[in-house]
Amino acid sequence: MGQLAHLWNYHHIDDCNVVSLAEPRHRLAAQVARRFDIDTVYQDHEELLTGSNPDAVVAILDYPYYRHVLPDILREGIPVFREKPLARSISAGEELVSIGNKHDTLQMVGYHKRSDPAMEYAKELIDEWQDTGAYGELNLVRITIPPGDGRGGIHRPIETDESPPEQPADSLPESLDEDAKDVFDSFLPYYCHQINLLRWVMGEYELTFADPTGTIMVTESTDGTCGVIEMGPYSSSTDWQETLFVAFDDAYIQVDFPAPLSRQQSGDLEIWTDGGDESRRVQPTLPNTSAMYRQAENFLAAVRGDRPAPCEAAEALEDIRIAQEYINQLQSHDDFDWVHLPFG
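For every chain, the first residue of its written sequence is number 1, and the numbers climb from 1 along that sequence. In keeping with the predicted nature of the model, local features appear solely for residues at pLDDT of at least 70, side-chain atom pairs appear and are counted solely at 80 or more, and the whole-chain, interface and lining totals rest on all residues. Remark: hydrogens and water are excluded; side-chain values derive from all non-hydrogen atoms of the structure.

A. Here's a closer look at a negative patch on the surface. For patches, a residue must show more than 30% relative accessible area and have no salt bridge; joins then use 9 Å for like charges and 5 Å for nonpolar side chains, namely Val, Leu, Ile, Met, Phe, Trp and Tyr. To measure how exposed things are, a 1.4 Å probe is used in the Shrake-Rupley method; for residues, cover is taken only from the protein chains shown. Between Lys or Arg on one side and Asp or Glu on the other, a salt bridge is scored when a side-chain nitrogen of the former is within 4 Å of a carboxyl oxygen of the latter. We score Asp and Glu as negative and Lys and Arg as positive, and we do not count His or the chain ends. Where a charge sits is defined by one atom per residue type, namely NZ (Lys), CZ (Arg), CG (Asp) or CD (Glu). On the surface, a cluster of negative charge is contributed by Glu-137, Glu-220, Asp-223, Asp-249 and Asp-250. You can see Asp-249 is positioned in the loop between β10 (242-248) and β11 (251-257). Burial here depends on accessible area, computed with a 1.4 Å probe over protein chains only, as a share of the maximum for the residue type. Under 20% is buried, over 50% is exposed, and the range in between is partly exposed. In this structure Asp-249 comes out as partly exposed when scored by relative accessible area, which is 44%. Helix and strand definitions follow DSSP, with helices as H or I runs of at least four residues and strands as E runs of at least two, each counted in order from the N terminus.

Below you can see the structure in the form of structure tokens.
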């Protein structure tokens, strides 16, 4: 993710300079710095904070390790972009939110679907229809996310045979038994995107049903809207087939997302409305830019104070709670078989 998404994007934004890189694997650091024209390489984030004076930091780690790196950056008051999910447990997430709040430091979380041009367009329309009631009530928000090829055919990252140094990892939630902990550790980093996107579209919600097969999660928003996440109803070995469907009484909006690492490609947007006498189906032409690239632009805009970040740490904390409650509900089923879950 650091090379294929984030470094590539920030390197290609005209008003952004990638000035330094922190990477403990020496040969990998040298090769990546050469590819992306980075002048200074540091052994770790502590050396970077001491030796550099960045306007912002992009911290890309495996999510169990953020708790042991980000506090140093947050305490320096340096705005930070970091990948999702926020942490491996609610308590670890609360700690990161608290430190960021105490030092008034921006911590933007990488829910890139909020930055997809198709999704930004759809969100404005959804909000407008809810405000005006033009097409009745919002009835359903459904996300279908079969496993697929998330790379979109782009090149592989630079790799070496160096091993990263040992470092402490967050503990998993104590409320889960050992099998459930393993599944939670697989489920959270993958499906937190959809858990988060559902909230952005329909508002705050509670989990109402966890299908024992692990295929369907059902939720209800504070105003009674039904939300559904379909997880692995099938899988694709060749492409990416993630879809958001939003239904009103007399209209719907559908976004078909490209593979997460696709470049210069936004989602496809379809808008259907029924005015009584006639129906219309519209498919707007959208900019040739990807959600990841647009996300990088949104982070820089938030650092400059031009507009708020699409998702900050305090909101992302709720995604961990929903994910943990979902696994708790699965765990409560008698004789539950973790082996056959689509995300296990």
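B. The side chain of Ser-89, seen in detail. Along the chain, Ser-89 falls in the loop between β4 (80-82) and α5 (90-102). Given the relative accessible area of 6%, Ser-89 is considered buried. At 3.2 Å, the side chain of Ser-89 and the side chain of Ser-91 are in polar contact. Contacts are residue-level and defined by heavy atoms, with any inter-residue pair within 4.5 Å sufficient. With residues near it in sequence (within four places) discarded, Ser-89 still touches Ser-171, Pro-173 and Ile-320. Two N or O atoms count as a polar contact when they lie within 3.5 Å, although within protein this holds only if one can serve as hydrogen donor and the other as acceptor, and sequence-adjacent residues are included solely when both atoms are side-chain atoms.

C. The nonpolar core, seen in detail. Ile-73, Phe-187, Met-217, Leu-244, Val-246, Tyr-326 and Ile-327 are the most contacted members of the largest nonpolar core, which has 76 residues in total. Of the residues forming this core, the biggest block, 12 residues, is contributed by helix α7 (residues 178-202). Core analysis: the second largest hydrophobic core is formed by 12 residues, Met-108, Tyr-293, Phe-299 and Leu-300 among them. We call a set of buried Ala, Val, Leu, Ile, Met, Phe, Trp, Tyr and Cys residues a nonpolar core when their side-chain atoms join them within 4.5 Å.

On their own, these measurements won't tell you what the molecule is for.
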